[in-house]
Structures are given as structure tokens and as C-alpha cells.
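# Residue-level structural notes
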Amino acid sequence: MNSIVNTQNASNASNASNASNASNASNASNASNAPTATGAQPSFRAIGISPTYISVDTDSGAGVMAWPANEWPPVNPVVDAAVGNQYAPLHEIYENFTNPLPAHTINHWSPPNYATAFMGTHGHLVPSPGENAADGHPVVPDAPTGAAFDDELKELVALLEYRNGIMGEATTQASTIDEYFAGILNFNRYTHPVTTRLVAVCLNAATSSVMQFKFHFQRPRPNQVCPALLPPIDPPQHAAYPSGHATQSKLLACLMSAIVGPRSTTAHTAFGTGGSQSRNPYHDMAERIARNREVLGLHYRSDSMAGQRLAEEIFTRMQADADFAAELTLAQAEW
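The text that follows walks through the structure, step by step, so that each part is easy to find. Nothing here was measured: the structure is a model prediction, and the numbers come from that model.

Examined bridge by bridge, strand β3 (residues 266-269) and strand β4 (residues 276-279) share four bridges and lie antiparallel to one another. Within β4, the residue paired with T269 across the bridge is S276. Hairpin geometry of β3 and β4 is characterised by an intervening segment of six residues between the two adjacent antiparallel strands and by a positive phi of about 80° at G272.

What follows is the structure, encoded as C-alpha cells:
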């Protein structure tokens, strides 16, 4: 009996250590697996090993196993292991844990992690400084200087009076661009998994590319040149040109328009003119997100325009990629 108790105690100590290690690993990965409107919590859930209660025999002083913890999954029912005088390990009691091995599929990946894996093998989709776009001109031209630059600063000062009206929206958009697009046509990881994966891929691609251009141009933020702008939120700690929000939102607009197809654009009669006007809610949202960053004093108008041009080039490259095109076809079928 003592040998069994000792063996079980050793097993408990090991289990406690393993549980701690698993917890630490889980904490380390929580940042990348955090839920968003388009993402979700990981699909696996850990179940802890309950400790065995050991009582002490007052006559002999020996430990007596009075209550083998019966919360699943302990070693319960108690069975002998195939080898040795000890309790059977979990995989011998519940054979379906390892026979057959569980399959890990693409559906178990969070959208951000899938995007990281996808872009790791598709770096050719990300333009770099010095490259030309499909039209033969630089993907991102040089930023305005001289009088054109002065005019941009004057415009930002004129936009100060509009801040109160857009503050709530603009500050929310600072970190949740994807949710604004998901709100136009409700979708998430569970209702439209491929669409959600491609949203994450586009956000990843836009960030990877725009940071290269920002580092290349090193354009100062508007408030560095004109402190009177006093942005109401802390400017991001990188250069201004091109705008990352403009790049991301425009790329998502291109993606969603391609997924939904002709239904994404509708023709209307322009108010007071009788003329026809086409509206696309995704591109309207992209322009709104970019403009809000200008109202906050975080970007010049040319930052937004350069980001939008960069996004269009990224999407042109994506559509020409066989792997992305295959995913895009699957996403279109979801709608």
C-alpha cells in the first residue's frame, strides 16, 4: 500500500508541475489568441488534474488514501497500469484520447495566427520601397514638400473643430478596424470562417508592408511639425507616411468588395441633382476611417492617399496569387 501511495504522490507532484507549466504556456499565448469581433477563443479547453486527498492514520501515522479525487479526468475508475504496480495513466483508461490521434485542422487556428503563418510563406505579396505598382509608377511616391506640405498642415488645423463629433468613433477605430467592417455585414469566425481568415491576412499584409515604407520615408507626425494640433490620443511611435489605418481599411474594403461581389455596390439618385451615384459601404468606411485619423491630427491627407494606393497594389498582388485566390473563392461561397 505504501508503495502505491508513494507512487501516487510522485505522480501528483508531477501533475502539479505539469499543470503549472501548462498554465504558464497558456498565459504566454493568450495575447495572440485573445478574442475579437472576427476572432474567437482557442478551440481547446484544459481540464486540471484534481489532487488526491491523503488522510493520516492516527494509530500508525501512515498516509491513507481516503478519497481519490473524482473530478474528470482523474485516475478514476482506479485500474492497474499495463506495467508496474501503479495507477493507469489517463491515455490507457480513455483510449480515444490517443487512438486515433486527434486531427488539428485549419479551423483550430485563430485568424491572427493563421495570417502570420500565411504571410510567412507569401512575402511576395508585400510591396517594398523602390518597387513600382501595376501602373508602372512607384507604389508609394515621395511625400509632398514645400507649399503642398504647408497646405496640408493648414487643413489639419482647420479640421480641429470637428474633433468632438468624431472622438468616440475615431478612438474606437484606433484598434478595432476589422469590427467596423464586420458590422456592415455581420460575420465572425464561426459564421464565415474563411472570410474572417482573409480579413486577418489583409491586416497582417498591410501592417508588414506599410511599416517598411514608414521606415523608408521617416516623415514626422503632424504634431511634431505643428505642436498646436495637440492630438487627443498618443500618436503611434512610428513615422506618419503612409497611414497604416488608411492602408488596412482600404485593403479590407477591396477584400470585402471582392468577396460580396456586385452586391457591394449600389446605384442611387444623387440628392438634388437627379444624377446617378454609386456607393460602396466598404470603401466609404475605409475613407471615413482614414479621414478620422486626419481629424485627430495624426496624419496628413497625403498619408491617407499613399496608404490607399499601397492597399490597392497589395490587393492586386493578392488576387494574382494562387493560394489567396483559392481562399477568396471559398470566402465568396460563404455569402
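As a further point, take the environment of E313. For E313, the position within the fold is in helix α11 (residues 301-319). The class for E313 is buried, based on a relative accessible area of 8%. Residues E313 and A133, 180 residues apart in the sequence, show an inter-C-alpha distance of 6.0 Å. There is a polar contact of 2.9 Å between the side chain of E313 and the side chain of R317.

This brings us to unusual backbone geometry. Backbone torsion omega between Y241 and P242 reads -5°, so that peptide bond is classified as cis. With respect to the helices and strands, P242 occurs in the loop between α8 (222-225) and α9 (244-260). Phi is positive for L230, which is not a glycine, with a value near 40°. Along the chain, L230 falls in the loop between α8 and α9. What makes L230 exposed here is its relative accessible area of 61%.

This part takes up the packing of helix α3 (residues 111-120) against helix α7 (residues 193-217). The interhelical angle for the contact between α3 and α7, taken along N-to-C directions, is 60°, at an axis separation of 8 Å. Taken together, the axes of α3 and α7 lie oblique to each other. Note on packing geometry: the crossing formed by α3 with α7 is right-handed. Packed against α3, whose contacting residues are P111, P112, Y114, A115, T116, F118 and M119, the element α7 presents T196, R197, A200, V201, N204 and A205 at the interface. Class assignment of the residues belonging to the contact of α3 with α7 gives a composition of nine nonpolar, three polar and one charged.

Following the criterion strictly, the structure yields 13 salt bridges and no others. With its nearest N and O atoms 2.8 Å apart, the salt bridge here joins E131 to R317. Of this pair, E131 sits in the loop between α3 and α4 (146-158) while R317 sits in helix α11, and the two are 186 residues apart along the sequence. Across the pair E169 and R288 runs a salt bridge, and its minimum N-O distance is 2.6 Å. Highlighted residues: E169 in helix α5 (residues 163-173) and R288 in helix α10 (residues 281-295), separated in sequence by 119 residues. Each member of the salt-bridge network shares a partner with another, and the members are E155, E287, R291, E294 and R301.

Calculation rules
- Residues numbered from 1 in each chain as written.
- Predicted model: local features only at pLDDT ≥ 70, side-chain atom pairs only at ≥ 80, totals over all residues.
- Heavy atoms only, no water.
- Pairing = 2+ DSSP bridges.
- Helix = DSSP H or I, 4+ residues; strand = E, 2+ residues; numbered from the N terminus.
- Buried < 20%, exposed > 50% of the residue type's maximum accessible area, 1.4 Å probe, protein only.
- Polar contact = N/O pair within 3.5 Å; in protein donor to acceptor, adjacent residues only side chain to side chain.
- Axes fitted to C-alpha atoms, helices over the stretch in contact; angles between N-to-C directions.
- Parallel < 35°, antiparallel > 145°, perpendicular 65-115°, else oblique.
- Left-handed = near helix turned anticlockwise from the far one by under 90°.
- Contact = heavy atoms within 4.5 Å.
- Nonpolar A, V, L, I, M, F, W, Y, C, P; charged D, E, K, R; others polar.
- Salt bridge = Lys/Arg side-chain N within 4 Å of Asp/Glu carboxyl O.

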